[in-house]
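# Structural features, examined
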Amino acid sequence: MKVYDKSVLKVNAGTVDGKVVLDAEGPLAPVAKPIIKSINRIFQEEKPISSDEENIIFSTWIPPMPGEAFNRMISAQVASILKKRVPDQFSIGITDRCPYNCIHCGAAGIVADPELSFDEINSTIEQALDLGSYYISFDGGETMLRKDLAEMIASVDKNRAVTACFTSGFALNDERARTLREAGIFALHMSLDSPDEKEHDRVRGREGAFRNTVNGIGHALDAGILADLFVVISPYNIDDLDGFYQFAWDMGMQEMSIYEIVAVGRWMEHEDEVISDKDVKRLGDFQRSVNRKSEGPRVTALPYLMGPDQFGCFAGRRWMHATAGGDVLPCAYTPLSFGNIREERLSVIWERMGKHEAYKCTAEYCMMRNPEFRKRYIHTIPDGEQLPYRAELLAKN
(Lines give C-alpha, C1' and ligand atoms only; values in the text may rest on other atoms or scores of the structure.)
Protein backbone atom coordinates (compact mmCIF):
# COMPACT_ATOMS: atom_id res chain seq x y z
CA MET A 1 0.00 0.00 0.00
CA LYS A 2 1.44 3.37 -1.04
CA VAL A 3 0.81 5.82 1.81
CA TYR A 4 2.98 8.72 0.64
CA ASP A 5 3.70 9.44 -3.00
CA LYS A 6 5.77 12.47 -3.96
CA SER A 7 8.38 12.83 -6.69
CA VAL A 8 11.24 12.96 -4.16
CA LEU A 9 9.91 10.47 -1.61
CA LYS A 10 7.58 7.50 -1.71
CA VAL A 11 6.53 5.58 1.40
CA ASN A 12 4.88 2.18 1.26
CA ALA A 13 3.06 0.45 4.12
CA GLY A 14 2.28 -3.19 4.66
CA THR A 15 1.59 -5.54 7.52
CA VAL A 16 3.79 -8.38 8.74
CA ASP A 17 2.33 -10.63 11.45
CA GLY A 18 -0.31 -7.99 12.11
CA LYS A 19 2.27 -5.19 12.52
CA VAL A 20 2.56 -2.14 10.25
CA VAL A 21 5.84 -1.79 8.36
CA LEU A 22 6.90 1.28 6.33
CA ASP A 23 9.63 1.51 3.72
CA ALA A 24 10.83 4.50 1.69
CA GLU A 25 12.22 5.05 -1.78
CA GLY A 26 13.24 8.06 -3.86
CA PRO A 27 15.92 10.80 -3.64
CA LEU A 28 14.88 11.81 -0.11
CA ALA A 29 14.75 8.23 1.18
CA PRO A 30 18.15 8.48 2.91
CA VAL A 31 17.00 11.62 4.72
CA ALA A 32 13.71 10.02 5.72
CA LYS A 33 15.30 6.73 6.78
CA PRO A 34 15.85 7.68 10.48
CA ILE A 35 12.23 8.75 10.99
CA ILE A 36 10.92 5.73 9.06
CA LYS A 37 13.08 3.50 11.25
CA SER A 38 11.76 5.22 14.39
CA ILE A 39 8.13 4.86 13.26
CA ASN A 40 8.69 1.21 12.36
CA ARG A 41 10.15 0.53 15.79
CA ILE A 42 6.96 1.87 17.37
CA PHE A 43 4.80 -0.04 14.89
CA GLN A 44 6.65 -3.31 15.61
CA GLU A 45 6.17 -2.94 19.36
CA GLU A 46 2.51 -2.05 19.15
CA LYS A 47 -0.79 -2.91 17.53
CA PRO A 48 -2.82 -0.58 15.34
CA ILE A 49 -6.46 0.18 16.10
CA SER A 50 -7.43 -1.48 12.82
CA SER A 51 -5.90 -2.56 9.53
CA ASP A 52 -7.02 -4.16 6.29
CA GLU A 53 -5.87 -4.22 2.67
CA GLU A 54 -7.10 -0.68 2.04
CA ASN A 55 -6.69 1.31 5.27
CA ILE A 56 -4.65 1.34 8.46
CA ILE A 57 -5.69 3.31 11.53
CA PHE A 58 -2.80 3.12 13.94
CA SER A 59 -4.04 5.54 16.62
CA THR A 60 -6.56 8.28 17.33
CA TRP A 61 -3.50 10.59 17.26
CA ILE A 62 -2.37 9.65 13.74
CA PRO A 63 -4.30 10.22 10.49
CA PRO A 64 -5.44 7.07 8.69
CA MET A 65 -3.16 5.76 5.98
CA PRO A 66 -3.23 6.15 3.11
CA GLY A 67 -4.59 9.68 2.90
CA GLU A 68 -3.57 13.27 2.31
CA ALA A 69 -3.53 14.05 6.05
CA PHE A 70 -1.13 11.14 6.59
CA ASN A 71 1.01 12.47 3.73
CA ARG A 72 1.25 15.76 5.60
CA MET A 73 2.30 13.87 8.72
CA ILE A 74 5.19 12.25 6.84
CA SER A 75 6.14 15.66 5.41
CA ALA A 76 6.20 17.09 8.94
CA GLN A 77 8.49 14.28 10.14
CA VAL A 78 10.88 14.90 7.24
CA ALA A 79 10.78 18.62 8.06
CA SER A 80 11.78 17.87 11.65
CA ILE A 81 14.86 16.00 10.41
CA LEU A 82 15.73 19.04 8.29
CA LYS A 83 15.35 21.22 11.42
CA LYS A 84 12.22 22.93 10.15
CA ARG A 85 9.49 23.63 12.69
CA VAL A 86 5.99 22.43 11.85
CA PRO A 87 3.11 22.53 14.36
CA ASP A 88 2.00 18.94 13.79
CA GLN A 89 -0.83 19.40 16.25
CA PHE A 90 -2.83 22.59 16.60
CA SER A 91 -5.30 22.60 19.48
CA ILE A 92 -7.76 25.40 20.00
CA GLY A 93 -9.93 26.27 22.95
CA ILE A 94 -13.43 27.05 21.77
CA THR A 95 -14.94 27.95 25.15
CA ASP A 96 -13.90 28.46 28.77
CA ARG A 97 -17.36 27.44 29.99
CA CYS A 98 -17.59 24.13 31.85
CA PRO A 99 -20.15 22.43 34.10
CA TYR A 100 -17.41 20.92 36.25
CA ASN A 101 -14.91 22.16 38.81
CA CYS A 102 -12.02 19.71 38.36
CA ILE A 103 -9.35 19.91 41.04
CA HIS A 104 -6.57 19.58 38.43
CA CYS A 105 -8.03 21.79 35.66
CA GLY A 106 -5.18 23.26 33.63
CA ALA A 107 -7.40 25.86 31.97
CA ALA A 108 -8.73 27.31 35.23
CA GLY A 109 -8.08 31.03 35.50
CA ILE A 110 -7.71 31.54 31.75
CA VAL A 111 -10.61 33.81 30.86
CA ALA A 112 -12.04 34.21 27.37
CA ASP A 113 -13.93 37.48 27.24
CA PRO A 114 -15.26 37.30 24.64
CA GLU A 115 -14.61 33.75 23.48
CA LEU A 116 -13.49 33.24 19.91
CA SER A 117 -16.21 33.51 17.29
CA PHE A 118 -16.99 30.85 14.70
CA ASP A 119 -15.22 32.88 11.98
CA GLU A 120 -12.17 33.55 14.16
CA ILE A 121 -11.81 29.85 14.94
CA ASN A 122 -12.15 28.82 11.30
CA SER A 123 -9.64 31.46 10.16
CA THR A 124 -7.11 30.40 12.79
CA ILE A 125 -7.42 26.73 11.87
CA GLU A 126 -6.91 27.59 8.20
CA GLN A 127 -3.73 29.44 9.17
CA ALA A 128 -2.54 26.41 11.15
CA LEU A 129 -3.15 24.19 8.11
CA ASP A 130 -1.06 26.57 6.02
CA LEU A 131 1.77 26.06 8.54
CA GLY A 132 1.58 22.29 8.05
CA SER A 133 -0.69 21.10 10.86
CA TYR A 134 -2.38 17.78 10.13
CA TYR A 135 -4.10 17.20 13.49
CA ILE A 136 -6.67 19.75 14.67
CA SER A 137 -8.16 19.27 18.11
CA PHE A 138 -10.96 21.26 19.73
CA ASP A 139 -10.53 21.90 23.44
CA GLY A 140 -12.33 23.66 26.28
CA GLY A 141 -13.80 24.14 28.85
CA GLU A 142 -16.40 21.68 27.79
CA THR A 143 -16.50 21.63 24.01
CA MET A 144 -20.07 20.34 23.85
CA LEU A 145 -21.27 23.70 25.17
CA ARG A 146 -20.48 25.24 21.77
CA LYS A 147 -23.60 24.69 19.69
CA ASP A 148 -21.65 25.36 16.47
CA LEU A 149 -19.02 22.66 17.11
CA ALA A 150 -20.24 20.44 14.28
CA GLU A 151 -20.05 23.37 11.87
CA MET A 152 -16.46 24.04 12.97
CA ILE A 153 -15.52 20.41 12.34
CA ALA A 154 -17.25 20.41 8.95
CA SER A 155 -15.31 23.54 7.95
CA VAL A 156 -11.90 21.88 8.37
CA ASP A 157 -10.37 20.67 5.10
CA LYS A 158 -10.24 16.90 5.64
CA ASN A 159 -7.71 16.54 2.83
CA ARG A 160 -5.24 18.46 5.01
CA ALA A 161 -6.03 17.34 8.56
CA VAL A 162 -8.09 15.09 10.76
CA THR A 163 -10.16 16.58 13.56
CA ALA A 164 -10.55 15.46 17.16
CA CYS A 165 -12.33 16.85 20.17
CA PHE A 166 -11.78 16.68 23.93
CA THR A 167 -14.90 16.21 26.02
CA SER A 168 -16.08 14.90 29.37
CA GLY A 169 -19.13 13.44 27.68
CA PHE A 170 -21.36 16.16 29.12
CA ALA A 171 -24.32 16.86 26.80
CA LEU A 172 -23.07 14.32 24.28
CA ASN A 173 -26.32 12.60 23.40
CA ASP A 174 -27.13 10.31 20.49
CA GLU A 175 -28.21 13.09 18.14
CA ARG A 176 -25.15 15.22 18.92
CA ALA A 177 -22.81 12.31 18.31
CA ARG A 178 -24.39 11.53 14.95
CA THR A 179 -24.11 15.20 13.99
CA LEU A 180 -20.39 15.24 14.84
CA ARG A 181 -19.86 12.07 12.84
CA GLU A 182 -21.64 13.53 9.83
CA ALA A 183 -19.45 16.63 10.14
CA GLY A 184 -16.41 14.39 9.69
CA ILE A 185 -14.86 14.13 13.14
CA PHE A 186 -12.08 11.56 13.38
CA ALA A 187 -11.96 10.87 17.12
CA LEU A 188 -13.23 11.94 20.52
CA HIS A 189 -10.81 12.06 23.47
CA MET A 190 -13.08 11.41 26.45
CA SER A 191 -11.74 12.15 29.92
CA LEU A 192 -11.91 9.93 32.99
CA ASP A 193 -10.13 10.60 36.29
CA SER A 194 -10.94 7.35 38.07
CA PRO A 195 -12.55 4.03 37.17
CA ASP A 196 -14.43 4.42 40.45
CA GLU A 197 -17.64 6.44 40.02
CA LYS A 198 -17.53 8.27 43.35
CA GLU A 199 -13.87 9.22 43.01
CA HIS A 200 -14.33 10.49 39.45
CA ASP A 201 -17.28 12.63 40.56
CA ARG A 202 -15.23 13.97 43.49
CA VAL A 203 -12.34 15.00 41.23
CA ARG A 204 -14.78 16.58 38.76
CA GLY A 205 -16.65 18.40 41.52
CA ARG A 206 -20.06 17.29 40.33
CA GLU A 207 -22.26 14.29 41.00
CA GLY A 208 -23.22 12.45 37.82
CA ALA A 209 -19.98 13.23 35.99
CA PHE A 210 -19.10 9.53 35.71
CA ARG A 211 -22.47 8.65 34.20
CA ASN A 212 -22.11 11.51 31.71
CA THR A 213 -18.80 10.03 30.56
CA VAL A 214 -20.21 6.50 30.27
CA ASN A 215 -23.26 7.69 28.35
CA GLY A 216 -21.18 9.94 26.09
CA ILE A 217 -18.81 7.10 25.20
CA GLY A 218 -21.75 4.88 24.31
CA HIS A 219 -23.26 7.52 22.03
CA ALA A 220 -19.91 8.16 20.34
CA LEU A 221 -19.35 4.48 19.61
CA ASP A 222 -22.92 4.01 18.40
CA ALA A 223 -22.35 6.86 15.95
CA GLY A 224 -19.20 5.22 14.59
CA ILE A 225 -16.73 7.70 16.09
CA LEU A 226 -13.36 6.50 17.35
CA ALA A 227 -13.44 6.80 21.14
CA ASP A 228 -10.26 7.34 23.15
CA LEU A 229 -10.24 7.21 26.96
CA PHE A 230 -8.14 10.23 27.96
CA VAL A 231 -6.67 9.72 31.42
CA VAL A 232 -4.66 12.35 33.33
CA ILE A 233 -2.31 10.36 35.55
CA SER A 234 -1.13 11.69 38.90
CA PRO A 235 0.61 10.11 41.89
CA TYR A 236 -2.90 9.48 43.23
CA ASN A 237 -4.33 7.36 40.41
CA ILE A 238 -1.29 5.78 38.73
CA ASP A 239 -2.00 2.53 40.56
CA ASP A 240 -5.37 2.38 38.76
CA LEU A 241 -3.86 1.81 35.29
CA ASP A 242 -5.31 -1.67 35.00
CA GLY A 243 -8.71 -0.41 36.16
CA PHE A 244 -8.71 2.40 33.59
CA TYR A 245 -7.74 -0.05 30.86
CA GLN A 246 -10.42 -2.55 31.84
CA PHE A 247 -12.98 0.28 31.75
CA ALA A 248 -11.93 1.22 28.19
CA TRP A 249 -12.06 -2.44 27.13
CA ASP A 250 -15.46 -3.06 28.72
CA MET A 251 -16.85 0.04 27.00
CA GLY A 252 -15.54 -1.12 23.61
CA MET A 253 -13.26 1.90 23.13
CA GLN A 254 -10.49 1.81 20.55
CA GLU A 255 -7.74 3.45 22.58
CA MET A 256 -6.66 4.64 26.01
CA SER A 257 -4.40 7.69 26.09
CA ILE A 258 -2.44 8.67 29.16
CA TYR A 259 -1.35 12.22 29.88
CA GLU A 260 0.39 13.52 32.98
CA ILE A 261 -0.97 15.92 35.57
CA VAL A 262 0.69 19.33 35.12
CA ALA A 263 1.26 21.90 37.86
CA VAL A 264 -0.78 24.64 36.23
CA GLY A 265 -4.26 26.10 36.68
CA ARG A 266 -5.83 24.75 39.86
CA TRP A 267 -2.82 22.47 40.30
CA MET A 268 -0.28 25.31 39.98
CA GLU A 269 0.92 25.10 43.59
CA HIS A 270 1.27 21.31 43.55
CA GLU A 271 4.70 20.99 41.92
CA ASP A 272 5.61 18.14 44.26
CA GLU A 273 2.46 16.23 43.28
CA VAL A 274 3.27 15.34 39.69
CA ILE A 275 4.63 12.14 38.19
CA SER A 276 8.32 11.23 38.36
CA ASP A 277 10.79 9.92 35.77
CA LYS A 278 10.23 6.49 37.32
CA ASP A 279 6.49 6.89 36.72
CA VAL A 280 7.12 7.80 33.05
CA LYS A 281 9.12 4.60 32.62
CA ARG A 282 6.25 2.70 34.23
CA LEU A 283 3.80 4.23 31.75
CA GLY A 284 6.07 3.30 28.86
CA ASP A 285 6.29 -0.28 30.10
CA PHE A 286 2.51 -0.38 30.46
CA GLN A 287 2.02 0.88 26.90
CA ARG A 288 4.38 -1.68 25.41
CA SER A 289 3.03 -4.61 27.42
CA VAL A 290 -0.58 -3.88 26.51
CA ASN A 291 0.10 -3.19 22.85
CA ARG A 292 1.88 -6.51 22.39
CA LYS A 293 -1.47 -8.22 22.94
CA SER A 294 -3.73 -8.69 19.95
CA GLU A 295 -6.99 -7.97 21.77
CA GLY A 296 -8.28 -4.90 23.58
CA PRO A 297 -7.77 -1.15 23.06
CA ARG A 298 -4.31 0.12 22.21
CA VAL A 299 -2.55 2.38 24.72
CA THR A 300 -0.71 5.65 24.03
CA ALA A 301 1.30 6.93 26.98
CA LEU A 302 2.05 10.50 25.96
CA PRO A 303 4.62 11.24 28.74
CA TYR A 304 6.63 8.30 27.37
CA LEU A 305 6.24 9.35 23.72
CA MET A 306 7.20 12.92 24.61
CA GLY A 307 10.07 11.75 26.79
CA PRO A 308 13.83 11.28 26.30
CA ASP A 309 13.50 7.78 24.82
CA GLN A 310 11.16 8.92 22.03
CA PHE A 311 10.41 12.40 20.65
CA GLY A 312 10.90 14.80 23.56
CA CYS A 313 8.61 17.68 24.53
CA PHE A 314 6.33 18.84 21.70
CA ALA A 315 5.47 22.23 23.23
CA GLY A 316 6.42 25.11 20.96
CA ARG A 317 8.17 22.73 18.58
CA ARG A 318 5.49 20.40 17.23
CA TRP A 319 2.46 21.62 19.16
CA MET A 320 0.77 25.00 19.37
CA HIS A 321 -2.37 25.89 21.31
CA ALA A 322 -4.77 28.82 21.10
CA THR A 323 -6.97 29.64 24.07
CA ALA A 324 -10.65 30.47 23.76
CA GLY A 325 -9.59 34.11 24.12
CA GLY A 326 -7.13 33.93 21.23
CA ASP A 327 -3.81 33.76 23.09
CA VAL A 328 -1.30 31.41 21.48
CA LEU A 329 0.67 29.14 23.82
CA PRO A 330 3.39 26.53 23.22
CA CYS A 331 0.94 23.90 24.51
CA ALA A 332 -2.34 23.83 26.40
CA TYR A 333 -0.48 23.52 29.72
CA THR A 334 2.07 26.34 29.46
CA PRO A 335 0.61 29.70 30.64
CA LEU A 336 2.87 31.83 28.42
CA SER A 337 1.34 33.75 25.51
CA PHE A 338 3.41 34.62 22.44
CA GLY A 339 0.66 36.69 20.84
CA ASN A 340 -3.04 36.77 20.11
CA ILE A 341 -4.68 35.67 16.89
CA ARG A 342 -6.99 38.69 17.05
CA GLU A 343 -3.93 40.91 16.67
CA GLU A 344 -1.49 38.97 14.46
CA ARG A 345 -1.24 36.16 11.96
CA LEU A 346 -0.58 32.74 13.43
CA SER A 347 2.57 32.40 11.31
CA VAL A 348 4.07 35.50 12.94
CA ILE A 349 3.36 34.15 16.42
CA TRP A 350 4.73 30.70 15.55
CA GLU A 351 7.95 32.23 14.25
CA ARG A 352 8.30 34.37 17.38
CA MET A 353 7.80 31.34 19.58
CA GLY A 354 10.53 29.44 17.74
CA LYS A 355 13.02 32.24 18.35
CA HIS A 356 12.44 32.27 22.11
CA GLU A 357 15.39 30.85 24.05
CA ALA A 358 13.19 28.25 25.76
CA TYR A 359 11.82 26.82 22.50
CA LYS A 360 14.60 27.17 19.92
CA CYS A 361 16.25 23.99 21.18
CA THR A 362 14.99 20.51 21.99
CA ALA A 363 13.71 19.37 25.39
CA GLU A 364 13.90 15.78 26.55
CA TYR A 365 10.70 15.82 28.58
CA CYS A 366 7.73 18.04 29.51
CA MET A 367 9.14 21.48 30.18
CA MET A 368 6.40 22.24 32.70
CA ARG A 369 7.87 19.40 34.79
CA ASN A 370 11.39 20.84 34.49
CA PRO A 371 12.33 22.72 37.71
CA GLU A 372 14.73 25.07 35.90
CA PHE A 373 12.12 26.05 33.32
CA ARG A 374 9.52 26.69 36.01
CA LYS A 375 11.96 28.70 38.10
CA ARG A 376 12.85 30.94 35.18
CA TYR A 377 9.55 31.29 33.34
CA ILE A 378 6.70 30.34 35.69
CA HIS A 379 7.82 31.43 39.15
CA THR A 380 8.74 34.87 37.79
CA ILE A 381 5.20 35.64 36.61
CA PRO A 382 4.10 38.50 38.91
CA ASP A 383 1.56 37.56 41.57
CA GLY A 384 -2.02 38.33 40.69
CA GLU A 385 -1.43 38.64 36.94
CA GLN A 386 -4.02 37.35 34.51
CA LEU A 387 -2.94 34.15 32.76
CA PRO A 388 -1.68 33.40 30.22
CA TYR A 389 1.12 35.91 30.72
CA ARG A 390 2.80 37.57 27.76
CA ALA A 391 6.27 36.06 27.31
CA GLU A 392 7.83 39.35 26.19
CA LEU A 393 6.71 41.05 29.42
CA LEU A 394 8.29 38.27 31.44
CA ALA A 395 11.62 38.98 29.80
CA LYS A 396 11.44 42.60 30.99
CA ASN A 397 10.82 41.76 34.65
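Before reading on, note that the structure itself is shown above.
Our subject in this report is the structure included herewith. (Residues numbered from 1 in each chain as written. Predicted model: local features only at pLDDT ≥ 70, side-chain atom pairs only at ≥ 80, totals over all residues. Heavy atoms only, no water.)

### Regarding the overall build of the protein
Within the protein, the regular secondary structure consists of 13 helices and 16 strands. Over its C-alpha trace the protein gives a radius of gyration of 20 Å, about what one expects of a compact globule, namely 21 Å for 397 residues. If one aligns the C-alpha atoms of the protein with their principal axes, the spans along those axes are about 55 × 45 × 45 Å. For the protein, buried positions account for 57% of its 397 residues. (Helix = DSSP H or I, 4+ residues; strand = E, 2+ residues; numbered from the N terminus. Rg over C-alpha atoms; globule rule 2.2 N^0.38 Å. Buried < 20%, exposed > 50% of the residue type's maximum accessible area, 1.4 Å probe, protein only.)

### Focus: the packing of helix α6 (residues 197-204) against helix α7 (residues 209-222)
A pair of packed helices is captured by two measures, namely the crossing angle of their axes and the spacing between those axes. Where α6 meets α7, the axes come as close as 7 Å, and the angle between the chain directions of the two elements is 105 degrees. Viewed along their axes, α6 and α7 adopt a mutual orientation that is roughly perpendicular. Each of E197, H200, D201 and R204 in α6 lies in contact with α7, whose residues at this interface are A209, F210, R211 and T213. Class assignment of the residues belonging to the contact of α6 with α7 gives a composition of two nonpolar, two polar and four charged. (Axes fitted to C-alpha atoms, helices over the stretch in contact; angles between N-to-C directions. Parallel < 35°, antiparallel > 145°, perpendicular 65-115°, else oblique. Contact = heavy atoms within 4.5 Å. Nonpolar A, V, L, I, M, F, W, Y, C, P; charged D, E, K, R; others polar.)

### Considerations on the pairing of strand β6 (residues 89-93)
The side chains of a regular strand alternate between the sheet's two faces. By the criterion of burial, β6 is predominantly enclosed, with five of the five residues buried. Of the two faces of β6, the one carrying Q89, S91 and G93 and the one carrying F90 and I92 are both buried. As defined by bridge partners, β6 adjoins strand β7 (residues 135-139) across five bridges and the pair is classed as parallel. Within β7, the position partnered with S91 by the bridge is S137. This β-α-β element, β6 to helix α3 (residues 118-130) to β7, shows right-handed connectivity. (Pairing = 2+ DSSP bridges. Right-handed = clockwise from strand over helix to strand, strands pointing away.)

### Points about the environment of C105
In this fold, C105 is placed in the loop between β6 and α3. Residue class for C105 comes out partly exposed when judged on its relative accessible area of 22%. Every residue in contact with C105, bar those within four places of it in the chain, is listed here: V264, G265 and R266.

### Focus: the environment of G326
Checked against the element boundaries, G326 lands in the loop between β13 (319-322) and β14 (328-329). With 234 residues separating them along the chain, G326 and I92 place their C-alpha atoms 8.6 Å apart.

### Structural notes on the sheet that holds strand β8 (residues 162-167)
Taken in spatial order, the nine strands make up an open sheet running β12-β11-β10-β9-β8-β7-β6-β13-β14, and their pairing is mixed. Every interior strand has two partners, whereas the edge strands, β12 (298-301) and β14, have only one. Bridge count for β8 against strand β9 (residues 187-191) is four bridges, and the pairing is parallel. Bridged to A164 within β9 is A187. In the packing of helix α8 (residues 241-251) onto the sheet, the strands contacted are β10 (226-233), β11 (255-260) and β12, and the crossing angle to β10 comes to about 165 degrees.

### Observations concerning empty space enclosed by the protein
Once rolled over the atoms, a probe with the size of a water molecule shows which space is left empty. By the definition in use, this model includes three cavities of 30 Å³ or more. Each pocket or cavity is described by its volume, and for the largest cavity that value is around 610 Å³. Residue lining of the largest cavity: 32 residues in total, with W61, I62, L302, L305 and F314 positioned closest to the centre. Those elements that place two or more of their residues in the lining of the largest cavity are α1 (29-45), α2 (68-81), β6, β7, β12 and α10 (302-305). Tallying contributions element by element places α1 first for the lining of the largest cavity, with four residues. Class assignment for the residues of the lining of the largest cavity results in 21 nonpolar, six polar and five charged. Approximately 130 Å³ is the volume found for the second largest cavity. Classifying every residue of the lining of the second largest cavity gives 13 nonpolar, one polar and two charged. (1 Å grid on protein atoms, 1.4 Å probe; cavity = no way out; pocket = protein on both sides within 12 Å on 5 of 7 lines; lining within 4 Å. Points joined across faces, edges and corners; volume = space filled by probe spheres on them.)

### Overview of the layout of surface pockets
Here the largest pocket is characterised by a volume of approximately 810 Å³. In terms of lining residues, the largest pocket is bounded by 40 residues, among which C105, A107, D139, G140 and G141 are the most central. Of all the elements in the fold, those that place two or more residues in the lining of the largest pocket are β8, β9, β10 and β11. For the second largest pocket, the calculated volume is near 640 Å³. In this structure, the second largest pocket is lined by 24 residues; those nearest its centre are S80, K83, F311, R318 and T362. Counting residues per element, the lining of the second largest pocket draws most heavily on α2, which supplies three residues. A per-class count over the lining of the second largest pocket returns ten nonpolar, six polar and eight charged.

### Focus: the pattern of salt bridges
Taken as a whole and assessed by the stated rule, the structure comprises 24 salt bridges. Between D174 and R178 there is a salt bridge, with its nearest N and O atoms 3.0 Å apart. Linking D174 with R178, this pair stays in helix α5 (residues 174-183), spanning four residues, or about one helical turn. For E344, the salt bridge identified is with R352, shortest N-O distance 2.6 Å. The network of salt bridges with shared partners includes R97, E115, R146 and D148. (Salt bridge = Lys/Arg side-chain N within 4 Å of Asp/Glu carboxyl O.)

### Here we look at the side chain of T167
Within the fold, T167 resides in strand β8. Among the polar contacts listed, one links the side chain of T167 to the backbone nitrogen of G169, at a separation of 2.9 Å. Beyond its immediate stretch of four places on either side in the chain, T167 contacts E142, T143, M144, L188, H189, M190 and S191. (Polar contact = N/O pair within 3.5 Å; in protein donor to acceptor, adjacent residues only side chain to side chain.)

### Describing the state of the cysteines
What the rule picks out here adds up to zero disulfides. With no disulfide partner, C105 has as its closest neighbouring cysteine sulfur the one in C102, 6.1 Å distant. Here C366 is not disulfide-linked; the sulfur of C313 is the nearest cysteine sulfur, at 5.4 Å. The class for C366 is buried, based on a relative accessible area of 11%. (Disulfide = S-S within 2.5 Å.)

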